[in-house]
Amino acid sequence: MTINWDTFHIFTIIAILMWLCGSVLSALSSRLSRPAVLFSLLGTLTLLVFIAGLWSYQQRPPLRTMGETRLWYSFFMGVSGLITYCRWRYRWILSFTTVLSAVFCIINVVKPEIHDQSLMPALQSIWFIPHVTVYMFSYSLLGCAFIIGCLGLFRSRPSYLSTADELVYGGTAFLTVGMLTGAIWAKEAWGNYWSWDPKETWALITWSIYLIYIHLRLHNPGKSAALRTRILYATLVAGFLTLQMCWYGVNYLPAARNSVHLYNRTTN
Amino acid sequence: MERSTYIFWSILILSSSVIQYFTGNFPYSVFSFPLNLIIGALWIYLIYLSISSYSARPAVRFMLSGSTTFFSLLFLILGSLVIGLFPQMTAADAEAVPGILSRLGVYNFMSSWIFVTILTVFLTHLGMITLRGTTRHATFRLRFFLNHAGLWIAVFATFLGSADISTLRIPVFFDRPNREAYTLEGDRTYLGYNLLLKDFHAEYYENGAPRHYQAVVSLSSPDSDTAQEFTLRVNHPYSRTLGEDIYLTGYDTSSSSPRYCILQIVVQPWKYIQLLGIIMTLAGGIMLFAFGPRKDRKKLTQTI
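What you are looking at is a predicted structure, and each value in this text was computed from that prediction instead of being measured.

What to know about the overall build of chain A
When helices and strands are tallied, chain A shows eight helices and zero strands. Along chain A, from the amino end to the carboxyl end, the secondary structure elements read α-α-α-α-α-α-α-α. Whereas a compact globule of 268 residues would reach a radius of gyration of roughly 18 Å, chain A reaches 19 Å, a difference of no more than 12%. In terms of principal-axis extent, the alpha carbons of chain A reach across some 50 × 45 × 30 Å. The buried share of chain A, reckoned over its 268 residues, is 64%. Pairs at least 24 apart in sequence give 77% of the contacts found in chain A among residues at least 6 apart. Surface summary for chain A: the accessible area is close to 10,200 Å², and the carbon and sulfur share equals 68%. Side-chain charges of chain A comprise 19 positive and 9 negative groups, with the mean position of each set lying 15 Å from the other.

See the structure below:
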């Protein structure tokens, strides 16, 4: 079987079925469910096989179009969900990551902006793969933190914030690496480390929001504990929303008309 | 938050808005070398002095407070939101737009008084925090140092060095040497050397999009017979001098055999300092992942 976008729906169906089994099994078990881990792992590996096959078929890393970044996001969401489940044993986390991963896979099936196989010269750089994959991994970690933020706004538990801390530190670390490798690449490609391109600007906004979270956790600004906790959860939600702007929302802003990052809109 | 925090930020934003409204954008170009170097040295000295000799003063304690961290990041976000939501233009184009938003500099916000003020407070705060955090602890905190000092160095060099940046575009032809270049604003200027296109090669995808293109360019001094040749590709600039790089940015697409290519010449003397800051912050980011949240805070979490 040739692995390309024509066969993606088969991989999607298999992956989602595996993830669903994993979600149900984890939700039913009060302890770490090994079958749930196995099913979730198989679902994520299914997507990994597709990514590897597509990479080989296109003869370039599938990291360029919006559809391709969604693919990585779904994959890393599966990885992050699994790590979070194994590490903190939240029985609900796999259900949420399944929904997020499945939504992005289904968007790729229904709305495929994926047939353009060209890779413009500016993207042919050693920084291309680390820059995008690191970002996608960071998005998935911060996606898990977002889920915790949403839950925490309605029903806070002491353990939520310590889990969010781990996710935010990991996500912000990868966000930092993604942003700075991007800056070094931008210098090689366009002559400036930072040029306030809309994509860069929204990346800075997102990064700064997570820095606020980290610093709010380190300092006590004198608010009541309950209010402070709600502010922290709200920060997680706000960070994830600006992250969506940075990822694809920015493409639809009038301010981004002259953005140098519009290569991922050409096939949108 | 204390009332002084609100008063400080309100006065700061209000006064910078008034200055912006009546005087236009911040005159960055005035602060080129050596003035930026002098200001930078003075700035660092004041930060050092505040931490070493006046750390007990209320103003210094205020600048070192957690609320200043919060508000300087918050205003950095708000300023960035203006840049991210409003189309940014050249200084001349932005000035031509009528209305109060234009007078407040939102169409060229990076060089507005408001944003410069926010950056100044942010950098002062970050510099003070970095110095205190590095010198006042018994053990050297490497992660803290890399993240804070790295960010400070990168932003400080970008901020102070911006007046020294020059970006020029020049078409380079096969048939004649050229040194007539243009600034990004369209003003003509002359390089101190000639550029001549010796060879150009482009490959295309089936859909006509360029896959790869490269140019061989000859650079010669007007008063010398010797010339140096170099090959340019996208992502592979040529470093002419320590602070000057030449980029291949485009070519003649109107013909199947291009008659010229377009080069961009970027003079950025502060780029090595910026790179140092970036590498330090990168290392700090990796440590952030490797070591995770501070362990002593976990106990605090359990009490929330």
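With respect to the overall build of chain B
Scanning chain B for helices and strands turns up 10 helices and eight strands. Taken over C-alpha atoms, the radius of gyration comes to 24 Å for chain B, far larger than the 19 Å a tight globule of 304 residues would show. Out of the 304 residues in chain B, the part that is buried amounts to 45%. The long-range share in chain B, meaning contacts at least 24 apart out of those at least 6 apart in sequence, stands at 57%. With an accessible surface of roughly 15,800 Å², chain B has 63% of that area assigned to carbon and sulfur atoms. Across chain B, 23 positive and 18 negative side-chain charges occur, with their mean positions spaced 20 Å apart.

Examining the pattern of salt bridges
Scanning the entire structure with this criterion turns up seven salt bridges over all chains. For Glu68(A), the salt bridge is made with Arg60(A), and the minimal N-O distance between the two is 2.9 Å. By the burial criterion, Glu68(A) is buried, and Arg60(A) matches it. When the shortest N-O distance is used, the salt bridge between Glu180(B) and Arg188(B) registers 3.8 Å. Exposure remark for Arg188(B): the relative accessible area of 53% places this residue in the exposed category. Counted as one network, the salt bridges with shared partners bring together Lys187(A), Asp245(B) and Lys271(B).

Looking at the packing of helix H7 (residues 198-218) of chain A against helix H4 (residues 66-85) of chain B
Interaxial distance between H7(A) and H4(B) falls to 9 Å at its minimum, and their mutual angle equals 165°. By the angle class used here, H7(A) and H4(B) are roughly antiparallel. The chirality of how H7(A) crosses H4(B) is left-handed. Between H7(A), through Thr201(A), Trp202(A), Leu204(A), Ile205(A), Ser208(A), Ile209(A), Leu211(A), Ile212(A), His215(A) and Leu216(A), and H4(B), the contact on the second element is made entirely by Thr69(B), Phe70(B), Leu73(B), Leu74(B), Leu76(B), Ile77(B), Ser80(B), Leu81(B), Ile83(B), Gly84(B) and Leu85(B).

Regarding the nonpolar core
One finds Tyr73(A) and Tyr139(A) to be the most contacted residues of the largest nonpolar core, which totals 140 residues. Sorting elements by how many residues they give to this core places helix H6 (residues 158-190) of chain A first, with 16 residues. In contact with Tyr139(A), other than residues within four places in its own chain, are Tyr73(A), Leu175(A), Phe240(A), Leu243(A), Cys246(A) and Trp247(A). Listed in part, the 24 residues of the second largest apolar core include Tyr193(B), Val217(B), Leu232(B) and Tyr251(B).

Some points on the interface of chain B and chain A
Taken together, the contact between chain B and chain A spans 55 residues of the former and 54 residues of the latter. Of the roughly 4,700 Å² buried at the junction of chain B and chain A (both faces included), carbon and sulfur atoms supply 68%. At the boundary of chain B and chain A, one finds one salt bridge. Here Asp245(B) ties to Lys187(A) by a salt bridge, and the two come within 3.9 Å at their closest N and O atoms.

Comments concerning a nonpolar patch on the surface
Residues and elements named next belong to chain A. Taken together, the side chains of Leu38, Leu41, Leu42, Leu45 and Leu48 define a hydrophobic patch exposed on the protein surface, amounting to about 390 Å² of accessible area. Looking at the secondary structure, you find Leu41 in helix H2 (residues 34-58). Judged by its relative accessible area of 38%, Leu41 falls in the partly exposed class.

Focus on the packing of aromatic side chains
Residues and elements named next belong to chain B. Applying the stated criterion across every chain yields a total of 46 aromatic pairs over all chains. Taking the centre distance of 6.3 Å and the plane angle of 90° together, the rings of Tyr28 and Phe159 count as edge-to-face. Here Phe159 lies in helix H8 (residues 142-161) and Tyr28 lies in the loop between helix H1 (3-23) and helix H2 (35-53), a separation of 131 residues in the sequence. Put simply, the rings of Phe26, Tyr28, Phe31, Trp43, Trp113, Trp152, Phe156 and Phe159 pair up and form one aromatic cluster. When the ring centre of Tyr21 is taken as origin, the NZ or CZ atom of Arg103, which lies over that ring, is 4.2 Å away. It is Arg176 that lies over the ring of Phe173; its NZ or CZ is 4.1 Å from the centre.

Brief notes about the sheet that holds strand E6 (residues 238-241) of chain B
In any sheet, the strands associate via hydrogen bonds between backbone groups, in a parallel or an antiparallel arrangement. Residue and element names in this part refer to chain B. Strand order in the open sheet made by the eight strands is E5-E4-E3-E2-E1-E8-E7-E6, with antiparallel pairing throughout. Pairing within the sheet leaves two strands with one partner each, and these edge strands are strand E5 (227-233) and E6. Put simply, the sheet's adjacent strands are angled 40° from each other on average, direction ignored. Both strand E1 (residues 166-173) and strand E2 (residues 178-183) contribute to a ladder of two bridges, which runs antiparallel. Along E2, the bridge assignment pairs Leu168 with Thr183.

Overview of the domain arrangement of chain B
As far as domains go, chain B holds domain 1 (3-164 + 271-302) and domain 2 (166-267). Between domain 1 of chain B and domain 2 of chain B, the C-alpha centre-to-centre distance is 36 Å.

Here we look at the domain arrangement of chain A
Residues and elements named next belong to chain A. If you check the domain split of chain A, you get domain 1 (1-112) and domain 2 (124-256). For domain 1 and domain 2, the distance between their C-alpha centres works out to 22 Å. For the pairing of domain 1 and domain 2, the buried interface totals around 2,100 Å² over both sides, and the portion due to carbon and sulfur atoms is 82%. For the pair domain 1 and domain 2, the interface holds zero salt bridges. Connecting domain 1 to domain 2 are five residue pairs in polar contact (both at pLDDT 80 or more). Taken together, the elements giving at least two residues each to the side of domain 1 that touches domain 2 come down to helix H3 (66-88) and helix H4 (93-110). Split by residue class, the side of domain 1 that touches domain 2 holds 16 nonpolar, five polar and three charged.

What counts and what doesn't
Residues numbered from 1 in each chain as written. Chains lettered and ligands numbered in written order. Predicted model: local features only at pLDDT ≥ 70, side-chain atom pairs only at ≥ 80, totals over all residues. Heavy atoms only, no water. Helix = DSSP H or I, 4+ residues; strand = E, 2+ residues; numbered from the N terminus. Rg over C-alpha atoms; globule rule 2.2 N^0.38 Å. Buried < 20%, exposed > 50% of the residue type's maximum accessible area, 1.4 Å probe, protein only. Contact = heavy atoms within 4.5 Å. Areas by Shrake-Rupley, 256 points an atom, 1.4 Å probe, with all protein chains shown as cover. Lys, Arg positive; Asp, Glu negative; His and termini not counted. Charge placed at Lys NZ, Arg CZ, Asp CG, Glu CD. Salt bridge = Lys/Arg side-chain N within 4 Å of Asp/Glu carboxyl O. Axes fitted to C-alpha atoms, helices over the stretch in contact; angles between N-to-C directions. Parallel < 35°, antiparallel > 145°, perpendicular 65-115°, else oblique. Left-handed = near helix turned anticlockwise from the far one by under 90°. Core = buried A, V, L, I, M, F, W, Y, C linked by side-chain atoms within 4.5 Å. Buried area = accessible area lost by both parts, 1.4 Å probe. Patch = residues over 30% accessible without salt bridge, like charges linked within 9 Å, V, L, I, M, F, W, Y side chains within 5 Å. Phe/Tyr/Trp six-rings, centres within 6.5 Å; stacked < 30°, edge-to-face > 60°. Lys NZ or Arg CZ within 6 Å of the ring centre and 35° of its normal. Pairing = 2+ DSSP bridges. Domains from an automatic or database assignment. Polar contact = N/O pair within 3.5 Å; in protein donor to acceptor, adjacent residues only side chain to side chain. Nonpolar A, V, L, I, M, F, W, Y, C, P; charged D, E, K, R; others polar.

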